[in-house]
Amino acid sequence: MSKGGRRAYAALSVLAAGTLVLAGCSKGGSHTGDNRKQDQENAKRQQASIKFGDAVDSQGPAPAVPGARNGGTISVPNRDSLAHLDPAQIYVSNESQVAQLFHRGLTGYKATSDDGSSHEVVGDLATDAGTTTDGGKTWKYTLKDGIKFEDGSPITSKDVRQTFERLFAPFINTGPAYIQQWLADTPGADYRKLLPDGPYKGKHLPSSVLETPDEKTVVFHFRTAHPDLPYALGLVGYSIVSQKGDTKEKYDRKPLVTGPYKIQSFKSGKSMVLVKNPQWDPKTDPLRHQYVDRFDITFNQQYEDSTKALIADSGGDRTSVSFQNSVDAGNLAKVLGDPRMKSRTVRGYQPFVGQMNINLSHPAMKDKKVREAIAYALPVSAFQRAYGGADAMELPGGLIGPTVSGYDPGFDPWGRKKKPAGDPDKAKKLLQEAGKVGMKLTFGYINSQEGQSYSTAMAAGLKRAGFDVQRQEIPAESYYDQVGKIKNNYDIFNTNWSADWPSASTVIGPLYDGRTIADGASNYSQINDPKVNSEIDRINGITDPVKAAAEWEKLDKYLVKDVINVVPTGYFKQVQIAGSGIGGLAYDDVIAGIDPRRLYVK
């Protein structure tokens with residue numbers, strides 16, 4: 001999934017017994033030894049397994065948050081607006097996080113500790129995490145009693161069928177594609193051939209693929225085993241959609257929700273108001289609370305502005321917390337160095353890895369020496385500095401970050417550890433050999449304070465190497481929609497991706513499988529390498545998670561060092577603060593940020 005755009009919490013191979021080997025990933029200010037030790041502990045912790053809970057674990061209500069009380073309004077200053085409200089179109093971090101409050105799926109990640117460090121996958125709308133008797137080829141789910149949409153209509157298996165069949169329709173193009181591909185038993189975008197128009201022309205998936213024998217029962221049938229299904233179903237992108245209320249494209253602006261909050265108003269680029277959903281029954285929900293009366297979300301609030309307001313902690317800012325914004329670079333050292341801030345500060349590794357995409361659909365980018373020159377010239381230290389330095393980000397080597405199995409801390413093909421500001425001399429020599437000194441390089445960047453900062457410094461580094469760099473600003477709200485178009489004008493642009501449930505399979509497959517190239521897909525560099533495609537298929541067939549991790553690591557190194565379709569730019573960490581009137585504050589490893597489901601007003 002992407003950060004500030006699409007976010008994936010990628011995972012490793014899952015054991016048929018029901019455990020998943022997790023691994024995570026790792027912004028300019030001081031970097032103390034204590035913080036470094038905590039970062040390492042966070043990364044190691046995220047490599048623990050997440051088990052599947054049973055029917056008892058899946059019962060509501062969610063465990064009470066110590067000290068919680070009902071009532072009040074929480075103000076939420078976020079930088080980016082939401083491009084999508086239709087769950088099937090949600091695959092970015094800021095959208096996924098707020099959607100935890102109003103969308104529900106068959107399964108979900110239940111925090112089993114008050115600090116958000118341990119979890120289990122349980123039934124959300126379903127009675128359990130799912131049952132399989134054949135190693136993951138067949139999965140059965142039973143819906144809970146008393147679950148409803150916000151209009152009071154009951155959620156039945158017809159709604160579940162609608163939810164998954166509409167994923168094949170052409171207008172659904174920005175959400176996750178795992179389950180569609182598994183149902184069609186095909187990689188890439190060819191899964192749409194199974195049901196080209198979705199359910200909208202009267203056709204449906206056969207019962208041999210998706211079975212709904214009664215109003216409560218749903219059975220998924222796969223040709224090959226997919227023991228990861230309970231993890232995939234926990235993604236917001238697979239939340240349940242109303243069959244009767246499905247308005248196709250219009251659903252993206254006014255969905256019928258199932259969570260503890262409903263959308264009272266949404267003004268794109270400006271604000272969103274969430275209020276209590278009276279149709280939500282806490283007895284059915286093991287994940288969420290409804291302590292707060294109202295969430296007032298405002299957009300276009302930059303990191304620096306929200307940080308300063310929260311540090312001041314006066315007036316309405318006392319009951320304010322950002323779901324998305326981290327502490328800005330200029331205030332990071334101040335926040336981490338002030339013991340008075342500790343009780344309202346949370347921090348943790350994020351599974352996000354930043355990467356500069358090289359658009360292989362552009363003829364000039366097909367020259368390997370040009371791509372090598374970009375890799376050597378790119379000053380990744382500018383990316384780290386823009387977000388706050390070593391306390392906010394680690395300098396990268398590969399595409400598998402420190403919280404994901406297969407991470408190799410010694411891998412550093414472009415010498416980033418020794419020369420984080422780049423090697424313009426070596427880059428210029430490569431350009432000279434290619435006869436491309438002075439070639440135009442269109443650099444698309446996100447219109448944020450951080451994007452302005454790192455793109456300016458990176459452009460300067462590339463110019464020193466001999467490129468004629470032209471920066472082009474892209475609005476933050478639509479950034480991933482723009483760079484996700486097959487025909488875009490950008491030669492290079494940065495995206496940030498994380499594991500979808502903890503394995504490199506959910507990093508390398510979605511990002512680098514050439515068969516997934518399509519508008520809205522996550523193959524941003526538009527790589528279509530036969531070796532990569534075949535290796536993705538081969539490694540996905542390895543059921544031993546340790547062996548699979550080793551093979552993903554090899555493929556990671558091939559992509560970075562030999563193909564050079566992307567250049568890693570950073571392993572993210574997150575530091576967030578809240579007003580002193582906010583209770584239930586916790587950094588959740590799976591959400592990779594503050595958990596909005598447990599917040600209350602003191």
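Higher on the page you've got the structure.
Residues numbered from 1 in each chain as written. Predicted model: local features only at pLDDT ≥ 70, side-chain atom pairs only at ≥ 80, totals over all residues. Heavy atoms only, no water.

## Focus on the environment of Leu441
(1) Moving on: Within the secondary structure layout, Leu441 lies in strand 14 (residues 440–446).
(2) Moving on: Along the sequence, Leu441 and Arg471 sit 30 residues apart, while their C-alpha atoms lie 8.4 Å from each other.
(3) Moving on: With residues up to four places along the chain from it excluded, the contact list for Leu441 reads Met365, Ile374, Leu462, Phe467, Asp468, Val469, Gln470, Asp491 and Ile492. (Helix = DSSP H or I, 4+ residues; strand = E, 2+ residues; numbered from the N terminus. Contact = heavy atoms within 4.5 Å.)

## Here's the deal with the pattern of salt bridges
(1) Moving on: Scanning the entire structure with this criterion turns up 31 salt bridges.
(2) Moving on: One salt bridge in this structure joins Asp57 and Lys51, with 3.9 Å as the shortest N-O distance.
(3) Moving on: Relative accessible area serves as the criterion here: at 18%, Asp57 is assigned to the buried category.
(4) Moving on: A network of salt bridges, in which partner residues are shared, links Arg104, Asp124, Asp285 and Arg288. (Salt bridge = Lys/Arg side-chain N within 4 Å of Asp/Glu carboxyl O. Buried < 20%, exposed > 50% of the residue type's maximum accessible area, 1.4 Å probe, protein only.)

## As for the sheet that holds strand 3 (residues 73–77)
(1) Moving on: Taking strand neighbours across the sheet as the criterion, the 4 strands line up as 3-11-10-9 in an open arrangement whose pairing is mixed. Lying at the two open borders of the sheet, with one neighbouring strand each, are strand 3 and strand 9 (261–267). Each strand axis lies, on average, 15° off the axis of its neighbour in the sheet, ignoring direction.
(2) Moving on: Across 5 bridges, strand 10 (residues 271–276) lies against strand 11 (residues 294–298) in antiparallel orientation. From the neighbouring strand, Ser271 faces strand 11, where its bridge partner is Thr298. (Pairing = 2+ DSSP bridges. Axes fitted to C-alpha atoms, helices over the stretch in contact; angles between N-to-C directions.)

## Remarks on the sheet that holds strand 16 (residues 492–498)
(1) Moving on: Across the sheet, which stays open at both edges, the 6 strands sit in the order 13-17-12-16-14-15 with mixed pairing between neighbours. On the outer flanks of this sheet lie strand 13 (393–394) and strand 15 (468–474), each paired with one strand and no other.
(2) Moving on: Of the strand pairs in this sheet, strand 12 (residues 345–358) and strand 17 (residues 566–577) are connected by 10 bridges, and their pairing is antiparallel. The partner of Asn357 across the bridge, within strand 17, is Val566.
(3) Moving on: Along the sheet, helix 11 (residues 449–464) makes contact with strand 12, strand 14, strand 15, strand 16 and strand 17, crossing strand 14 at roughly 165°.

## Digging into unusual backbone geometry
(1) Moving on: Residues Gly60 and Pro61 are joined by a peptide bond in cis, for which omega reads 0°.
(2) Moving on: Its place among the elements puts Pro61 in the loop between strand 2 (49–52) and strand 3.
(3) Moving on: For Asp185, which is not a glycine, the phi torsion comes out positive at approximately 55°.
(4) Moving on: For Asp185, the location among the structural elements is in the loop between helix 4 (178–184) and strand 7 (210–211).

## Notes on the nonpolar core
(1) Moving on: One finds Leu106, Phe164, Phe220, Met272, Leu274 and Phe467 to be the most contacted residues of the largest nonpolar core, which totals 157 residues.
(2) Moving on: The leading source of residues in this core is helix 15 (residues 545–563), at 7 residues.
(3) Moving on: In this structure, Leu274 is in contact with Val98, Leu101, Phe102, Tyr261, Lys262, Ile263, Asp293, Arg294, Phe295 and Ile297, ignoring residues within four places of it in sequence. (Core = buried A, V, L, I, M, F, W, Y, C linked by side-chain atoms within 4.5 Å.)

## Quick notes on the environment of Lys203
(1) Moving on: By the element assignment, Lys203 lies in the loop between helix 4 and strand 7.
(2) Moving on: Considered as a pair, Lys203 and Asn488 are 285 residues apart in the sequence and their alpha carbons are 34 Å apart.
(3) Moving on: With residues up to four places along the chain from it excluded, the contact list for Lys203 reads Glu165, Leu195 and Gly198.

## Observations concerning the side chain of Asp588
(1) Moving on: Note that Asp588 resides in strand 19 (residues 587–588).
(2) Moving on: Dropping the residues within four chain positions of it, Asp588 is found in contact with Ala111, Gly116, His119, Gly593, Asp595 and Arg597.

## Details of the pairing of strand 11
(1) Moving on: Across the two faces of strand 11 the burial differs, with Phe295 and Ile297 buried and Arg294, Asp296 and Thr298 not buried at all.
(2) Moving on: As paired elements, strand 3 and strand 11 share 5 bridges and run parallel to each other. Each residue of the ladder has a partner; that of Thr73, found in strand 11, is Arg294.

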